[in-house]
Amino acid sequence: MPAQGPAEENQLNVQGYNIVTILKRLEAATCRLEDITIFQEEANKAQPLTRDLVLDALLAPSLTDVSDVSKSVSTSTEPHPAKVDAAPAKFVTVFDELIKSHIAPFVDLSKAIDEVVGNSAQELQDAFVEQAKFLGLVSQSKKPLPSDENLQKALAPINTHIEAIGSLKDANRRSNFFNHLNTISEGAPVLGWIVSDTPLSYVPEFKDSAQFWLNRVMKEFKDKDDKHVDWVKAFLSIFDSLRAYVKEYHSSGLAWNPRGITLGESLAAAAAGATNQPQKGSAGGSAPPPPPPPAPPANIFDESSAQPKETSSGGMKAVFSDLNKGENITLGLKKVEKSQMTHKNPALRQLGVSKKPTPPKKPTSLSSTPSGTVKKAKPPRVELVDGAKWIIENLTSENTKEPVIIEAEMQHSVFIGNTDGITVQINGKGNAVSLSETRNTGVVVHSLISGVDVIKSVKFGLQVTGVVPLITIDKSDEGNIYLSKESVEADSSVVTSNTTALNINVPTEEDYEELAVPEQLQHFVRNGKLVSEVVEHAG
C-alpha cells in the first residue's frame with residue numbers, strides 16, 4: 001500500500017482529534033454500555049442504578065463477566081440493613097438455661113461452704129451472665145474483624161470477672177478452702193471459648209486444669225463432708241454441659257449473623273436499652289417498615305421526563321460529557337508544587353510518616369500467647385529464698401554439667417522448673433518437692449514430710465531412698481518412679497491424672513520390678529452409682 005500523504009493524514013484529523021482514536025473510544029464505550037444493559041434488570045432488583053455505579057462500570061477494565069459485575073453492584077451498598085429480630089436466638093435462650101441449671105446451683109453450694117468461695121463462684125456466674133449478653137450481640141451482628149475495638153469492648157465485662165476470681169484466690173492463700181479457690185480460678189478461663197477457632201477442644205483443656213485441684217478437694221473431704229463432694233460434681237457438670245452446648249451451636253466458632261448489623265451498632269443499641277425490643281410508633285404499635293425504593297427506569301438510556309432540561313449534572317449526559325473532554329479532563333487536577341514533594345523537601349521527611357494504628361489486643365485471660373511470640377532464655381537459678389524454699393530453674397545440660405545437690409531441712413520445700421537434661425539430689429528430710437514443666441530431669445529424694453508433685457513434665461525420673469508418703473503426677477508423660485523398700489512398707493501412695501507411659505519400680509531381692517500404671521478405665525452404672533474398673537490387657 002502506498003504511503004499516505006500529508007493531505008490524507010489531515011483528513012483523519014478533525015479539530016485536533018484523530019478520527020480513528022475517537023471511533024475506537026466510542027466502540028469500547030458502546031460495548032460496555034451493551035454489557036450494562038444485559039445485567040441491568042438483575043442489578044436494579046437489589047438497588048437503583050446511580051451515576052456513581054455507571055461510572056464504576058464504565059471505568060472497569062472489563063465487563064465481559066456479567067456475573068462479577070452484577071455481584072459488585074448488588075453487594076456494593078445494601079439499601080436497608082437487616083432488621084434485628086425481636087425474639088432472641090435459640091442458642092441465647094439455651095445458654096440462659098445452662099446458667100440457671102448448672103451455674104446457679106454451684107453458687108449455692110459454694111456459699112454454703114465458705115463466704116470467699118461463694119464470692120468467687122458468684123464472680124463466675126456474673127462472667128457467664130456477661131457472656132450470655134455477648135451471645136445476644138452475636139445473634140444480631142455480623143462477624144467483626146479480630147482487630148475491631150468493639151469486639152474488645154464487648155469482651156471487657158467477661159474479662160473483668162475472670163480477673164476478679166484470680167484476685168480473690170491471691171488474696172486468700174491462707175484460706176482453709178484454698179483448693180476450692182484454685183479450682184474456680186483454673187477453670188474460669190474456659191469462658192474464652194468464644195475467641196477460639198476450635199471451641200470444642202478448648203473446653204476440655206480447662207476442665208483438665210481444674211481437675212488437679214478438684215482431686216485435692218476430693219481427697220481432703222471425701223470421707224468427711226459430702227457437701228464438698230457435691231460441690232466437685234457440680235463444678236464438673238459445668239464443663240460437660242458447656243461442651244455439649246458448644247458442640248450443638250458453635251462447633252466451628254461463634255454463630256455470627258451474616259445478615260445482621262455491625263457489632264458497633266449492636267453495642268450502641270444495647271447501651272440505649274433498645275436491644276431485642278421492637279420500635280414503637282406514635283400510636284403504641286410497631287413502626288411501619290420503610291417504603292420500598294422507587295422503581296428503576298425501563299432503560300438506562302432514557303432520561304427522566306421529570307428532570308429539568310437545564311440540569312445536566314447526572315445521568316448519561318454527564319458520563320458522555322466527561323468522556324468527550326479528551327485531554328481537557330485533567331485540567332481540574334491540582335498541581336503539586338516542589339515544596340510539597342518529600343523527595344525534594346527534606347524538611348517534610350523529618351515530620352515522620354503516619355503509621356498504621358496497632359490493633360487492640362484481646363483480653364489476656366480470654367486468649368493464649370500469640371504464636372509469633374518468642375520466649376527469651378532466662379538465666380539459670382539455684383537459690384534458697386527466705387530460708388524456706390529452694391528455687392531450681394532454667395538449668396540445662398549445657399549450663400549444668402554436674403548434679404545439683406541440695407541439703408534439705410524439715411522447713412525446706414524445693415521447686416524445680418523449666419529444666420532439661422539435669423539431675424537433682426536432695427539429701428536429708430525436707431518438706432515438699434515440686435517439678436513443673438521439666439524435660440529429661442532426674443530427681444533423687446531421701447525423705448519428705450509432705451510429698452512430691454510432678455506437673456507437665458516429660459521423661460522424668462524420681463527415685464526415693466527413704467520415705468515419701470505421697471507422689472502426685474499430673475499431665476506428664478514417660479515417667480519412672482523408683483520406690484524404696486521403706487516407702488513400700490509405709491504404704492506410700494501415687495496419684496495420677498492425665499498421665500501416660502508411667503512406670504512404678506519396686507525393689508526386689510536382686511533389682512527392681514517394673515509395674516506399669518494403667519491408663520484405661522471402664523465405667524459401669526450399678527444401682528445408680530458409677531463404678532470404674534481398670535481395663536487389663538492380657539496376651
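Under an unreviewed UniProt entry, the name given to the protein chain is Adenylyl cyclase-associated protein, and the organism recorded is Candidozyma pseudohaemuli. According to the UniProt record, the Sequence similarities (unreviewed entry) comment for the protein chain reads "Belongs to the CAP family." Here the protein chain is described in UniProt, under the heading Function (unreviewed entry), as follows: "The N-terminal domain binds to adenylyl cyclase, thereby enabling adenylyl cyclase to be activated by upstream regulatory signals, such as Ras. The C-terminal domain is required for normal cellular morphology and growth control."

Bringing the overall build of the protein chain into the picture now. Each helix and strand in the protein chain was counted, giving 14 helices and 18 strands. Split into buried and exposed, the 539 residues of the protein chain put 33% on the buried side. A separation threshold of at least 6 residues defines the contact pool for the protein chain, and within that pool the share at least 24 residues apart is 46%. With the model as given, the accessible surface of the protein chain reaches about 33600 Å², and the carbon-plus-sulfur share is 53%.

For the rest of this paragraph, the subject is the packing of aromatic side chains. Scanning all chains against the criterion turns up 13 aromatic pairs. Relative to F128, the ring of F95 has its centre 6.0 Å away and its plane inclined at 20°; by these criteria the two rings are stacked. Residue F95 is located in helix α5 (residues 90–113), and its partner F128 is located in helix α6 (residues 115–140); the two are separated by 33 residues in the primary sequence. Relative to F206, the ring of Y202 lies with its centre 5.0 Å away and its plane at 45°, an arrangement referred to as tilted. Placement of the pair is Y202 and F206 together in helix α9 (residues 199–221), with a separation of 4 residues, close to one helical turn. With respect to burial, Y202 and F206 carry one shared label: buried. Taken together through their ring pairs, the aromatic side chains of F95, F128, W193, Y245 and Y249 make up a single cluster.

What follows deals with unusual backbone geometry. Of note in the backbone geometry, D386 takes a positive phi value of approximately 55° without being a glycine. Its location among the elements puts D386 in the loop between β3 (381–385) and β4 (389–393). Given the relative accessible area of 76%, D386 is considered exposed. The phi dihedral of N418 is positive, around 55°, even though this residue is not glycine. Structurally, the position occupied by N418 is in the loop between β6 (413–417) and β7 (423–430).

For T183, the location among the structural elements is in helix α8 (residues 178–187). Beyond its immediate stretch of four places on either side in the chain, T183 contacts A210, W213, L214, V217, W231 and F235.

Take a nonpolar patch on the surface next. Side chains of I22, L23 and L26 sit close together on the surface and give an oily, nonpolar patch of about 260 Å² of accessible area. With respect to the helices and strands, the residue L23 is situated in helix α2 (residues 19–46).

The next thing to look at is the sheet that holds strand β11 (residues 461–464). Spatial strand order, β5-β7-β9-β11-β13-β15-β16: 7 strands in an open sheet with mixed pairing. Among the strands making up the open sheet, the edge pair consists of β5 (404–407) and β16 (512–516). Adjacent strand axes in the sheet meet at a mean angle of 15°, parallel and antiparallel pairs treated alike.

Turning our eyes to something else, we now look at the packing of α8 against α9. Interaxial distance between α8 and α9 falls to 8 Å at its minimum, and their mutual angle equals 165°. Of the possible angle classes, the one that applies to α8 and α9 is roughly antiparallel. Between α8 and α9 lies a crossing whose hand is left-handed. Contacts between α8 and α9 involve N179, H180, N182, T183, E186 and G187 from the former and F206, S209, A210, W213, L214, R216, V217, E220 and F221 from the latter. Its residues placed into classes, the contact of α8 with α9 shows 6 nonpolar, 6 polar and 3 charged.

On to α8. Residues separated by three or four positions in an α-helix point in the same direction, a consequence of the helix having 3.6 residues per turn. The element α8 is extensively covered by neighbouring structure, given that 9 of its 10 residues are classed as buried. Looking only at α8, the buried set comprises F178, N179, H180, L181, N182, T183, I184, S185 and G187. The inward-facing, buried residues of α8 abut α5, α6, α7 (149–171), α9 and α10 (226–249).

Inspection of every chain in the model, using the stated rule, returns 8 salt bridges. For the salt bridge of E130 with K133, the shortest nitrogen-to-oxygen distance reads 3.7 Å. Remark: K133 and E130 occur in helix α6; sequence separation between them is 3 residues, near one turn of the helix. Residue D170 is joined to K169 by a salt bridge in which the shortest nitrogen-to-oxygen separation is 3.7 Å. Connected through shared salt-bridge partners, K169, D170 and R173 make up one network.

For the rest of this paragraph, the subject is the nonpolar core. The biggest cluster of nonpolar side chains holds 55 residues, and the ones touching the most others in it are F134 and W193. At the level of elements, α5, α6, α7, α8, α9, α10 and α11 (263–271) are the ones that each hand at least two residues to this core. Setting aside residues no more than four positions away along its own chain, F134 makes contact with L151, A154, L155, I158, I194, L254 and W256.

What the 7 strands build is an open sheet, ordered β3-β4-β6-β8-β10-β12-β14; its pairing is mixed. The sheet terminates laterally at β3 and β14 (493–497), the two strands that pair on one side only. Strand-to-strand twist across the sheet, computed as the mean angle between neighbouring axes with direction ignored, equals 10°. Sheet topology note: the strand β8 (residues 432–436)/strand β10 (residues 451–455) ladder contains 4 bridges and is parallel. Bridging from a neighbouring strand, L435 pairs with V454 of β10. Relative to the sheet, α9 contacts β10, β12 (470–474) and β14, its axis offset from that of β12 by approximately 150°.

Criteria and cut-off values
Residues numbered from 1 in each chain as written. Predicted model: local features only at pLDDT ≥ 70, side-chain atom pairs only at ≥ 80, totals over all residues. Heavy atoms only, no water. UniProt positions renumbered as here; feature names shortened; annotations may be inferred. Helix = DSSP H or I, 4+ residues; strand = E, 2+ residues; numbered from the N terminus. Buried < 20%, exposed > 50% of the residue type's maximum accessible area, 1.4 Å probe, protein only. Contact = heavy atoms within 4.5 Å. Areas by Shrake-Rupley, 256 points an atom, 1.4 Å probe, with all protein chains shown as cover. Phe/Tyr/Trp six-rings, centres within 6.5 Å; stacked < 30°, edge-to-face > 60°. Patch = residues over 30% accessible without salt bridge, like charges linked within 9 Å, V, L, I, M, F, W, Y side chains within 5 Å. Salt bridge = Lys/Arg side-chain N within 4 Å of Asp/Glu carboxyl O. Pairing = 2+ DSSP bridges. Axes fitted to C-alpha atoms, helices over the stretch in contact; angles between N-to-C directions. Parallel < 35°, antiparallel > 145°, perpendicular 65-115°, else oblique. Left-handed = near helix turned anticlockwise from the far one by under 90°. Nonpolar A, V, L, I, M, F, W, Y, C, P; charged D, E, K, R; others polar. Core = buried A, V, L, I, M, F, W, Y, C linked by side-chain atoms within 4.5 Å.

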